Amino acid sequence: MLFSLLKNEMYKLLKKKKLYIFMVIITGMTLIPIIISKFDNGSLVFKVNTLPLENLAWSAEMIIPIFISILVADMITNEYREGTMKLSLVNGVSRTNLLFSKILTLILVITGLVLFTMAVSYVSGSFFLEWGVPFRFNDLLLSESTGISYTLGLYLLSVIPLTAFSLIITFLGLKLESGGSLVGVTIGIVFIMNTMRQLSSLVRPFIISDYFNTGYLLNPSGIQNDLVILLTTSGLYFIVFMGLSLNNIIKKDIVN
Amino acid sequence: MGNKNILEIKKLKKRFRDIEAVKNVNLNVNKGDIFGFLGPNGAGKSTTIRMILGLVHPDQGQIRINGFDINKDYKKALQYVGTMVETPKFYEYLTGYQNLKLVANLYKNVKHVDINKSLKKVGLMDRGKSKVETYSVGMKQRLGLARALLNNPELVILDEPTSGLDPQGKKEIRELIQQLAIDQEITFFICTHLLNEVEQICNRVAILQDGEIISKRFIKEEENKKWVEFYTSQKSEAEIMLKDCNSIFDLNISKNGIQIFTIESEIEKINQQLNNRGIKVKYIIPHVESLEDYYLKETGGHFNVI
Ligand SMILES: Nc1ncnc2c1ncn2[C@@H]1O[C@H](COP(=O)(O)OP(=O)(O)OP(=O)(O)O)[C@@H](O)[C@H]1O
Ligand SMILES: [Mg+2]
């Protein structure tokens, strides 16, 4: 049943333009460092090897969080408001399964967009830039193949805090009455989180957006400790907001 | 009254903050019924339907579909239910066919051919491939009905099924409902304002007002059954006596006495029984009032007859 629901969610998503628009935006964004490298002599020069990790910063901290809010607005807030959420429910789907299928869709889409950013970065980079062997990032030197596999690993790791974040948005999506306000609120939250991260090192570890750009994990002092903190914080957010969302959807009177 | 109950509602209550939407609804729908659920705006019809479907949580009461409690056996209870709640909602950017496909995906045994069969039944076969955003209100209504029929339901719950349809469309949907009730033995629970609709197709009605059922009765004079009113002042004695009588299919206390729905040939016998027990019957009046008269009388007249 969960699989059929997931299939339905993906079907609806792929029939809409939004996902494709974001793919175009990501592609466009990857071209910016390339254009800078090419035409602005004397400023930063990007290399193919490390371009994906540079791009992870804006993709994971900006583009994907906004897309998450648009997706949740569509799948949850607007579906509830427009009365289409009940369609699965009256066909015997449980509320828990319905919520799980939407969260699985989020995870799938986040993973897809993250990997898409990486793929586009490598492809567009290798067309226009030098590889810049050896791989050099945050004072760390790696062989090219190790560099690529670390990049993939870091990209996949960013899915974890992004998923935790998407659960916060899911909960808000159940609470708010319009998709538009959800997107607005999400942008506000991202903005506030980023300001707080920069202002206070005390609250920083508790702010989920601090973990989106996993590039920081790649440093000479090793990643183990940082990884534990990333997993713990993400896990806590995930559990708390999963609980709140489940409680909300189970108790809700569906009157639309 | 014999038949197996497909839908049983007991002591149903629901309050939204300060509005008591449903007060104390008790209701049984038998297999094979086309049950009309009538009532003025805001009576609590849609809220009752939402509770039957598990969308709104009742404050109190019990709902069983096919013997399964909607709270405990949600999936089993809804397995053979088809429904259309108020104006049917769709993913407008998808075609009619694709919208039905999303529902079909939730059932193992509903296939491509069933989707087409359903579209055909409601006369939408040639528009199945257009996006729903291009549909008229009436076409959406039909598509809603097609969706309700998709999982081969035994019970179909419809909220205002003909709203937005032209007279020809209304007639077609009524005929479709009657045909499905006969050919596929589907039980219908229909919520509507349209008295003439209920009169034409329903065999039983319940009238809801301010969240309470104020009256229930059979309306089809099936076979040789008839409504008659016994004028008597000893109403409650008469009720106690006749309540368990096998040849009486429905019974209401009325202003002047007691109304019963019974077989024509039994009327004289019932009269004698009453007399034997010392209950004085002044007159026996056969009922010829239309549902409209009846309705207006029961609800105190504020009802839109369309
Ligand atoms: N979500 C809600 N919040 C608050 N009150 C509600 C809600 N839904 C319904 N009500 C109230 O409950 C009462 C019954 O409403 P309901 O929609 O069940 O009536 P109805 O019989 O279907 O009316 P109509 O014929 O107009 O469709 C109304 O007074 C309505 O205002
Ligand atoms: Mg209603």
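Before any of the text, the structure's been laid out above.
Residue indices begin from 1 for each chain and proceed along its sequence in written order. Here chains are named by letter from A upward and ligands by number from 1 upward, in the order in which they appear as written. Note on the predicted model: pLDDT of at least 70 is required for a residue's local features to be given, and 80 or more for side-chain atom pairs to be given and counted; whole-chain, interface and lining totals, by contrast, use all residues. Side-chain calculation: all heavy atoms of the structure are included, whereas hydrogens and water are not.

## Considerations on the nonpolar core
In step 1: To form a nonpolar core, buried Ala, Val, Leu, Ile, Met, Phe, Trp, Tyr and Cys residues must be joined to one another through side-chain atoms within 4.5 Å. The classification of residues rests on relative accessible area computed with a 1.4 Å probe and restricted to protein chains. Under 20% of the type maximum is buried, over 50% is exposed, and intermediate values are partly exposed. With 147 residues, the main nonpolar core has Ile68(A), Leu7(B), Leu27(B), Leu53(B), Ile65(B), Phe188(B) and Phe189(B) as its most contacted residues.
In step 2: Note on definitions: a residue-residue contact is assigned when non-hydrogen atoms from the two residues lie within 4.5 Å. In contact with Leu27(B), not counting residues within four places along its chain, are Leu7(B), Glu8(B), Ile9(B), Phe35(B), Phe37(B), Phe189(B), Ala206(B), Ile213(B) and Lys216(B).
In step 3: Ranked by size, the runner-up nonpolar core spans 15 residues in total, among them Val228(B), Leu274(B), Ile279(B) and Val281(B).

## Focus on the site of ligand 1
In step 1: Close contacts around ligand 1 come from 13 residues, with Asn41(B), Gly42(B), Lys45(B), Ser46(B) and Thr47(B) the closest.
In step 2: Proximity is defined per residue: any heavy atom of the residue falling within 4 Å of a molecule or strand makes that residue near it. Around ligand 1 the close residues trace back to chains A and B.
In step 3: Polar contacts, as counted here, are pairs of nitrogen or oxygen atoms within 3.5 Å of one another; within protein the pair requires one atom able to donate a hydrogen and one able to accept it, and residues that are adjacent in sequence qualify only if both atoms are side-chain atoms. In this structure, an oxygen atom belonging to ligand 1 sits 2.8 Å away from a side-chain N or O atom of Asn41(B).
In step 4: Between Ala43(B) and ligand 1, the recorded distance is 3.2 Å, taken from a backbone N or O atom to an oxygen atom.
In step 5: Reported accessibility uses the Shrake-Rupley method at a 1.4 Å probe radius. Residues are deemed covered only where the shown protein chains occlude them. Its free accessible area being 630 Å², ligand 1 has 69% of it covered by the protein chains.
In step 6: Every element with two or more residues in the shell around ligand 1 is listed here: β2 (19-30) and α1 (45-52) of chain B.
In step 7: Considering every element that reaches the shell around ligand 1, the biggest residue donor is α1(B), with three residues. Helix and strand assignments come from DSSP, with helices taken as H or I runs of at least 4 residues and strands as E runs of at least 2, each series counted from the N terminus.

## Side note on the pattern of salt bridges
In step 1: The term salt bridge refers to a side-chain nitrogen of Lys or Arg lying within 4 Å of a carboxyl oxygen of Asp or Glu. Overall, the coordinates contain 21 salt bridges over all chains when judged by the stated rule.
In step 2: The partner of Glu130(A) in a salt bridge is Lys47(A), and the shortest N-O contact between them spans 3.7 Å. Of the two residues, Glu130(A) is situated in the loop between α5 (95-128) and β1 (135-137) and Lys47(A) in the loop between α2 (18-39) and α3 (51-82); the sequence distance between them amounts to 83 residues.
In step 3: Residue class for Lys47(A) comes out partly exposed when judged on its relative accessible area of 28%.
In step 4: Between Asp114(B) and Lys117(B) there is a salt bridge, with its nearest N and O atoms 4.0 Å apart. With Asp114(B) and Lys117(B) both in helix α4 (residues 112-121) and three residues apart, this pair spans about one turn of that helix.
In step 5: A relative accessible area of 13% places Asp114(B) in the buried class.
In step 6: Each of Glu9(A), Lys12(A), Glu79(A) and Lys102(A) takes part in a single network of salt bridges with overlapping partners.

## What about the pairing of strand β1 (residues 5-16) of chain B?
Residues and elements named next belong to chain B.
In step 1: With eight bridges joining them, β1 and β2 adopt antiparallel strand pairing. When the sheet's bridge partners are listed, Arg15 is paired in β2 with Glu20.
In step 2: Any two strands are treated as partners once DSSP identifies two or more bridges connecting them. Bridging between β1 and strand β4 (residues 60-65) involves five bridges; their strand directions are antiparallel. Among the inter-strand pairings, Leu7 is bridged to a residue of β4, identified as Ile65.

## Describing the sheet that holds strand β12 (residues 248-253) of chain B
Residue and element names in this part refer to chain B.
In step 1: Spatially, four strands are ordered β12-β13-β11-β14 in an open sheet, and the strand pairing comes out antiparallel. Edge positions in the sheet fall to β12 and β14 (283-286), since each has one partner strand and no second. The average angle at which neighbouring strand axes cross in this sheet is 25 degrees, direction not considered.
In step 2: In this structure, β12 lies alongside strand β13 (residues 257-263), joined through five bridges in antiparallel fashion. Across the sheet, Ile253 pairs through a bridge with Ile258, a residue of β13.
In step 3: Axis lines are fitted to C-alpha atoms, over the contacting stretch for helices. Their N-to-C directions set the angle, which ranges from 0 to 180 degrees. The sheet strands contacting helix α9 (residues 267-276) are β11 (225-231), β12, β13 and β14, and the helix crosses β11 at an angle near 30 degrees.

## Some thoughts on helix α7 (residues 179-199) of chain A
In step 1: What a helix is expected to span follows from its residue count: subtract one and scale by 1.5 Å. Between its first and last C-alpha, α7(A) extends 30 Å over 21 residues, near the 30 Å set by a 1.5 Å rise per residue.
In step 2: Each element contacted by the buried residues of α7(A) is listed here: α3 and α6 (144-175) of chain A.

## Re the packing of aromatic side chains
In step 1: The criterion for an aromatic pair is that two Phe, Tyr or Trp rings (for Trp, the six-membered ring) have centres within 6.5 Å, with stacked assigned to planes under 30 degrees apart, edge-to-face to planes over 60 apart and tilted to the rest. With the rule as written, the count across this model stands at ten aromatic pairs over all chains.
In step 2: For the pair Tyr122(A) and Trp131(A), a centre-to-centre distance of 6.2 Å together with 20 degrees between the ring planes defines the contact as stacked.
In step 3: Judged by centre distance (5.1 Å) and plane angle (35 degrees), the rings of Phe37(B) and Phe189(B) are tilted. Of this pair, Phe37(B) sits in strand β3 (residues 34-38) while Phe189(B) is found in strand β8 (residues 187-192), placing the two residues 152 residues apart along the sequence.
In step 4: Taken together, the ring pairs in this structure connect Phe171(A), Tyr237(A) and Phe241(A) into an aromatic cluster.
In step 5: Sitting over the face of the ring of Tyr80(A), Lys252(A) holds its NZ or CZ atom 4.7 Å from the ring centroid. Two thresholds decide whether a charge sits over a ring: the Lys NZ or Arg CZ must be within 6 Å of the ring centre and within 35 degrees of the ring normal.

## Considerations on a nonpolar patch on the surface
All names here are of chain A.
In step 1: Taken together, the side chains of Leu31, Ile35, Phe39, Val123, Phe127 and Phe128 make up a nonpolar region of the molecular surface, amounting to roughly 650 Å² of accessible area.
In step 2: At the level of secondary structure, the elements contributing two or more residues to the nonpolar patch comprise α2 and α5.
In step 3: With respect to the helices and strands, the residue Val123 is situated in helix α5.
In step 4: Judged by its relative accessible area of 47%, Val123 is partly exposed. Patch definition: residues with relative accessible area over 30% and no salt bridge; like charges joined within 9 Å; nonpolar side chains (Val, Leu, Ile, Met, Phe, Trp, Tyr) joined within 5 Å.

## A word on the side chain of Gln98(B)
In step 1: Relative to the elements of secondary structure, Gln98(B) occurs in helix α3 (residues 96-104).
In step 2: Judged by its relative accessible area of 14%, Gln98(B) is buried.
In step 3: The residues contacting Gln98(B), other than those within four sequence positions of it, are Tyr11(A) and Lys15(A).

## Some words on the interface of chain A and chain B
How big an interface is tends to be stated in terms of the accessible area lost upon association of its parts.
In step 1: Facing the 30 residues of chain A at the interface are 26 residues of chain B.
In step 2: Two parts placed together each lose some accessible area under a 1.4 Å probe, and the buried area is that loss summed for both. Of all residues in chain A, Val90(A), Asn91(A) and Asp253(A) give up the largest surface area on contact with chain B, accounting jointly for 23% of the area buried on that side.
In step 3: Residue Lys14(B) pairs with Asp253(A) through a salt bridge whose shortest N-O separation is 2.7 Å.
In step 4: Put simply, the parts of the chain that give the side of chain A that touches chain B at least two residues each are α1 (2-14), α3, α4 (86-89) and α8 (224-251) of chain A.
In step 5: For the side of chain A that touches chain B, the residue count by class is ten nonpolar, nine polar and eleven charged. Amino acids outside the nonpolar list (Ala, Val, Leu, Ile, Met, Phe, Trp, Tyr, Cys, Pro) and the charged list (Asp, Glu, Lys, Arg) are all regarded as polar, and Gly is one of them.

Any functional reading would require information that these geometric values do not contain.
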